[in-house]
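For reference, the chains in residue letters:
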Amino acid sequence: NAGVTQTPKFQVLKTGQSMTLQCAQDMNHEYMSWYRQDPGMGLRLIHYSVGAGITDQGEVPNGYNVSRSTTEDFPLRLLSAAPSQTSVYFCASEMGDTQYFGPGTRLTVL
Amino acid sequence: AQSVTQPDIHITVSEGASLELRCNYSYGATPYLFWYVQSPGQGLQLLLKYFSGDTLVQGIKGFEAEFKRSQSSFNLRKPSVHWSDAAEYFCAVGAPTGNQFYFGTGTSLTVIP
């Protein structure tokens, strides 16, 4: 199993650009989530999904969209990037009430 | 509201010394509790978790944690720290009903020779 994979590892955007952060898991987990990690803030939940076709907002959803067309994939979209979205983004999937994290995407918005 | 507090932003210990990282939580019922470790530039790795039962739980890499309901705490301990333990440690709480996890702000551990 590859576990939870994320692409890209690094990305630099200009303000107003859009992009999609990819997340995939091969463990057939129903629950997946996206977090952002900022210094001194810990991890904050952006969006989550309890299965294909079902998504919901977390603590900090503004500026982000998600969809879940398959069990494996859970992409995170930034429609119009802002400097406040500069962060490290982690995707996670859950099995047995335990979350497993991907390696992260470091995003810089100029 | 649910929350997790890690009072120590940064801790420095000598190699071979004991370690205790503090975690306090606020939750309406008995939550699921977790400790994760994050090495620089890496994702989070689960160290241990508590769902129910024995309040002293053992994890990987020689770590253990004790759930104390009366103190709303879930402190992480290790009897003898190794240089490779230098990392960021996160405490997290999850609802038994699932779907929501809350993380503390983390404690950065430095290990000196």
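Residues numbered from 1 in each chain as written. Chains lettered and ligands numbered in written order. Predicted model: local features only at pLDDT ≥ 70, side-chain atom pairs only at ≥ 80, totals over all residues. Heavy atoms only, no water.

## Things to note about the layout of surface pockets
Part 1: Quantified by volume, the largest pocket comes out at close to 530 Å³.
Part 2: Lining the largest pocket are 24 residues, with Q37, V88 and R106 of chain A together with Q38 and G41 of chain B positioned closest to its centre.
Part 3: Its residues assigned to classes, the lining of the largest pocket shows eight nonpolar, 12 polar and four charged. (1 Å grid on protein atoms, 1.4 Å probe; cavity = no way out; pocket = protein on both sides within 12 Å on 5 of 7 lines; lining within 4 Å. Points joined across faces, edges and corners; volume = space filled by probe spheres on them. Nonpolar A, V, L, I, M, F, W, Y, C, P; charged D, E, K, R; others polar.)

## Points about the interface of chain A and chain B
Part 1: Listed as interface residues are 20 residues of chain A and, on the opposing side, 19 residues of chain B.
Part 2: Approximately 1600 Å² of surface area, both sides summed, lies buried where chain A meets chain B, with 55% of it carried by carbon and sulfur atoms.
Part 3: Contact with chain B buries surface across chain A, with L43, D97 and F101 of chain A losing the most and accounting together for 31% of the total.
Part 4: Across the chain A-chain B interface, the total number found is two residue pairs in polar contact (both at pLDDT 80 or more). (Contact = heavy atoms within 4.5 Å. Buried area = accessible area lost by both parts, 1.4 Å probe. Polar contact = N/O pair within 3.5 Å; in protein donor to acceptor, adjacent residues only side chain to side chain.)

## What about unusual backbone geometry?
Part 1: The step from T7 of chain A to P8 of chain A runs through a cis peptide bond, and the omega angle for that step is -10°.
Part 2: By secondary structure assignment, the location of P8 of chain A is in the loop between β1 (4-7) and β2 (10-13).
Part 3: Non-glycine residue N28 of chain A carries a positive phi angle of around 60°.
Part 4: If you trace the backbone, N28 of chain A turns up in the loop between β3 (19-25) and β4 (31-38).
Part 5: If you check the backbone angles, S72 of chain B has positive phi at about 50° while not being a glycine. (Helix = DSSP H or I, 4+ residues; strand = E, 2+ residues; numbered from the N terminus.)

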